[in-house]
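# Observations on the three-dimensional arrangement
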Amino acid sequence: MLLCCMKTIKDVFLAYQQGLGSLYDARETGAITLMVLEELTGVSRAKIKAFPEDDIPANAGEKLSAVLNELKTGKPVQYILGTTEFYGLNFLVNPATLIPRPETEELVEWALEESKKLEVKSKKLAVLDIGTGSGCIAISLKKNLPDAVVSALDISPGALKTAKQNAVVNEVDVSFIEDSILDIKSEIEHSKFDIIISNPPYVTLEDKLRMHTNVTDFEPHSALFVPEHNPLVFYKAIAGFAADHLEKNGLLFLEINENFGKETVELLNHKRFTNIELRKDMSGRDRMIKANR
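As a starting point, this report considers the structure included with it.

The rules we used
Residues numbered from 1 in each chain as written. Predicted model: local features only at pLDDT ≥ 70, side-chain atom pairs only at ≥ 80, totals over all residues. Heavy atoms only, no water. Helix = DSSP H or I, 4+ residues; strand = E, 2+ residues; numbered from the N terminus. Buried < 20%, exposed > 50% of the residue type's maximum accessible area, 1.4 Å probe, protein only. Contact = heavy atoms within 4.5 Å. Areas by Shrake-Rupley, 256 points an atom, 1.4 Å probe, with all protein chains shown as cover. Pairing = 2+ DSSP bridges. Axes fitted to C-alpha atoms, helices over the stretch in contact; angles between N-to-C directions. Expected span 1.5 Å × (residues − 1). Arc of directions from axis to C-beta. Left-handed = near helix turned anticlockwise from the far one by under 90°. Nonpolar A, V, L, I, M, F, W, Y, C, P; charged D, E, K, R; others polar. Polar contact = N/O pair within 3.5 Å; in protein donor to acceptor, adjacent residues only side chain to side chain. Core = buried A, V, L, I, M, F, W, Y, C linked by side-chain atoms within 4.5 Å.

## Describing the overall build of the protein chain
Broken down by element type, the protein chain carries 12 helices and 9 strands. Looking at the protein chain as a whole, 51% of its 293 residues are labelled buried. For the protein chain, long-range pairs separated by at least 24 residues make up 65% of all intrachain contacts whose partners lie at least 6 apart in sequence. Accessible area for the protein chain stands at about 14,400 Å²; split by element, carbon and sulfur atoms hold 51% of it.

Written out as structure tokens, the structure reads:
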């Protein structure tokens, strides 16, 4: 459908469905269109759904067409709009950061639930997020645990720049550290934590073959992929660090590759973690682990 024909909300949905049908199924295309319309028109999702015959604002037509052209390349809508929502908060995203996923919201929720049970004596709760990316985990935890001392680690200067911006946007104080969990050189080497949480790289080359090109062609490979011969390389490093830097009865939370749940549990057993719990995500896949030190 041509730009001149996108006059109503219904027209936009039809144009996007026609333009993106080869890339996404109807449900995904509908969700993308709704996200774009809400962002570019300022109209609420509820109103967009309720009044499909309403005209779109005159100044939105060209923007809607430009976004559609970018979407046709496979570029994720979150990168095009430059923002996404995670755990009820707004986050800036760009190709230096992974796009936060709903499964990771479940990990945050679990950590918040368990944090209420922790006994922290004579000091504030200390939290470390390893591989923070956009900062979505660390910032969401700090927003909901305002008295906690939250630190976040990442090897990517670009990701950390975005994470720092997101901390400002969401009005929280998080300490961001440029370092690699595979070769720690920063001050956290001398720190102790009550909670360590991470969504590290875990996608194998075999997994990559089954992934959508809007992930493999656009999102940062350093935050996604691991060597085929050593898929748990980051989990080994995180477990080793956590074994030495978690307080007694401290908690470790990990988002994991669903194909390596058993192996990750065995790894934590080998490092003498206790109360190890493997949990399924909303889709019924083994995607997260909790363990005590």
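So much for the structure itself; the text now carries on.
## Some words on the sheet that holds strand β9 (residues 286-292)
The sheet built from 7 strands is open, its strands ordered β5-β4-β3-β6-β7-β9-β8 with mixed pairing. Edge positions in the open sheet fall to β5 (175-178) and β8 (274-280), since each of these has one partner strand only. When strand polarity is set aside, the average angle formed by the axes of neighbouring strands in this sheet is 15°.

## Focus: helix α1 (residues 9-20)
Between its first and last C-alpha, α1 extends 16 Å over 12 residues, near the 16 Å set by a 1.5 Å rise per residue. When we look at burial in α1, the residues that qualify are Ile9, Asp11, Val12, Ala15, Tyr16 and Leu20. Buried residues along α1 cover an arc of 155° about the axis, so they all sit on one side. Residues of α1 that are buried sit in contact with α2 (26-41), α3 (45-50) and α4 (61-71).

## Section: the packing of helix α6 (residues 102-115) against helix α7 (residues 136-144)
Contact geometry for α6 and α7: axes closest at 10 Å, N-to-C directions at 35°. You can see that α6 and α7 cross each other, and the crossing is right-handed. Two secondary-structure elements touch here, α6 through Thr104, Leu107, Val108, Ala111 and Leu112 and α7 through Ile137, Ser140, Leu141 and Asn144. The residue inventory of the contact of α6 with α7, partitioned by class, reads 6 nonpolar, 3 polar and no charged.

## Focus on the environment of Met6
Along the polypeptide, Met6 turns up in the segment before α1. With 56 residues separating them in the primary sequence, Met6 and Glu62 have C-alpha atoms 9.6 Å apart.

## Quick look at the side chain of Ser115
Positionally, Ser115 belongs in helix α6. Residue classification places Ser115 among the buried residues on the basis of a relative accessible area of 9%. At a separation of 2.7 Å, a polar atom in the side chain of Ser115 contacts the main-chain carbonyl oxygen of Leu112. Ignoring sequence-local partners within four residues, the contact set of Ser115 consists of Leu125, Leu145 and Ile195.

## A word on the nonpolar core
Core analysis: the biggest nonpolar cluster contains 33 residues, and Ile181, Ile196, Phe241, Leu252 and Phe273 have the highest contact counts within it. With 9 residues, the top contributor of residues to this core is helix α11 (residues 233-245). If you look at the next biggest cluster of nonpolar residues, it comprises 31 residues, including Leu107, Ala138, Val172 and Val174.

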